[in-house]
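Here are the chains, one letter per residue:
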Amino acid sequence: MTTPEPMAWPEVLVPAPREVIGTAARELGYTASAISQQVSALEKETGLVLFEREAHGVRATAAAHRLVDLSVPVLAAMDDLGHQVHQLATGATARLRLGSFPTASVRLVPPALSALTSAHPRAQVQLEEGEPEELVAALNAGDLDVALVYEYGLSPRQWSDGLACHQLVREDLVLLRARGSGLSSRLAGLSQARWITSREGTAGALSLARLCAAAGFEAAVAFRSNNYDVVRELVSAGLGVAIVPGLGHAPGDSVEATRLAQRSAFRRVMALHRHENSNPLLGTMIRSLRGAVPADEPYVRATRDEQPDQGCRRRGRPASFGDRPRADTP
């Protein structure tokens, strides 16, 4: 570099009067010629006389001192802006908008956000809750940075090519019965049972219907609720049986739980984001979500993108969900 940057103006304009050009050059690491050229250019640009030329040197004028007074706060603000830009670029003060469905909001999001904010205490995270079709629409519109979504083995989803997909969790589907009810632990033995499931048309209800159809009967649904706590309490009271995914199961003395053996009896949870999203917190968020997956629960297993049977299905247009789920319940 041969010409001082604007940040050096105060040092150029008001060093000690004696041997001002040489002193400024040495202190700033520029040549005397470069300092003289900068002063001349500044005088030409501003229309001000900044130095009085004397026989043995130059002296800063009153205009030069005033220019310094005006420029110091501006240059300090520029310096602070540069620092803030660096903080944003490294994620230190970045903002991330996370979308999640209710079960993940309870089981995965709190520990994940705790890990993220520990790594970036000044980062801002905005949480929005919804169902997969709502979250994917917001993601495609640029209103979210990351969306936690799910799919059942018997009602798979497809994502648009513009979305990156990170597998997080594979949940077993679990059959719940009131303890001591004497009801079968096999699906085929529950053709006469009353069933509790989510509202009609959801992925959970569709999965139940297909599982029961494969077992040779149509489930007689007596109660519907989109809240796993309600489902569990209804089962505990002996009002019916239910199937829930692993993250939605809370062990208790009043309920017996049995993992379904059917190959398609599972639910997957994944994180989606747009390929072109350059948010510096994306990587930390995905790692934090992976770290939030429970490691000691029998019906929940962490998954990784490299597993070939866990790949996300895609198609070349935005996801269309039709009569697919609008709830994350059983």
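For the structure, see preceding data.
These remarks concern the structure in this document.

The rules behind each value
- Residues numbered from 1 in each chain as written.
- Predicted model: local features only at pLDDT ≥ 70, side-chain atom pairs only at ≥ 80, totals over all residues.
- Heavy atoms only, no water.
- Phe/Tyr/Trp six-rings, centres within 6.5 Å; stacked < 30°, edge-to-face > 60°.
- Helix = DSSP H or I, 4+ residues; strand = E, 2+ residues; numbered from the N terminus.
- Buried < 20%, exposed > 50% of the residue type's maximum accessible area, 1.4 Å probe, protein only.
- Lys NZ or Arg CZ within 6 Å of the ring centre and 35° of its normal.
- Contact = heavy atoms within 4.5 Å.

**Here we look at the packing of aromatic side chains**
Pairs of aromatic rings are described using the distance from one ring centre to the other and the angle between the two planes.
Okay, step 1: Inspection of the entire model under this criterion finds two aromatic pairs.
Okay, step 2: Arranged with centres 4.8 Å apart and planes meeting at 70°, the rings of Phe101 and Tyr150 form a pair that is edge-to-face. On the criterion of sequence distance, the pair formed by Phe101 in the loop between strand 3 (95–100) and helix 5 (102–107) and Tyr150 in strand 5 (residues 146–152) is long-range, its members being 49 residues apart. By the burial criterion, Phe101 is buried, and Tyr150 matches it.
Okay, step 3: Taking the centre distance of 6.1 Å and the plane angle of 90° together, the rings of Tyr150 and Tyr152 count as edge-to-face. Both residues of the pair, Tyr150 and Tyr152, count as buried.
Okay, step 4: Taken together, the ring pairs in this structure connect Phe101, Tyr150 and Tyr152 into an aromatic cluster.
Okay, step 5: The ring of Tyr150 is capped by Arg157, whose NZ or CZ atom sits 5.3 Å from the centre of that ring.

**Observations concerning the environment of Thr61**
Okay, step 1: Inspection of the secondary structure assignment puts Thr61 in the loop between strand 2 (57–60) and helix 4 (62–89).
Okay, step 2: Separated by 11 residues in sequence, Thr61 and Leu50 place their C-alpha atoms 5.3 Å apart.
Okay, step 3: In this structure Thr61 touches Val49, Leu50, Phe51 and Glu52, once residues within four positions along its chain are discounted.

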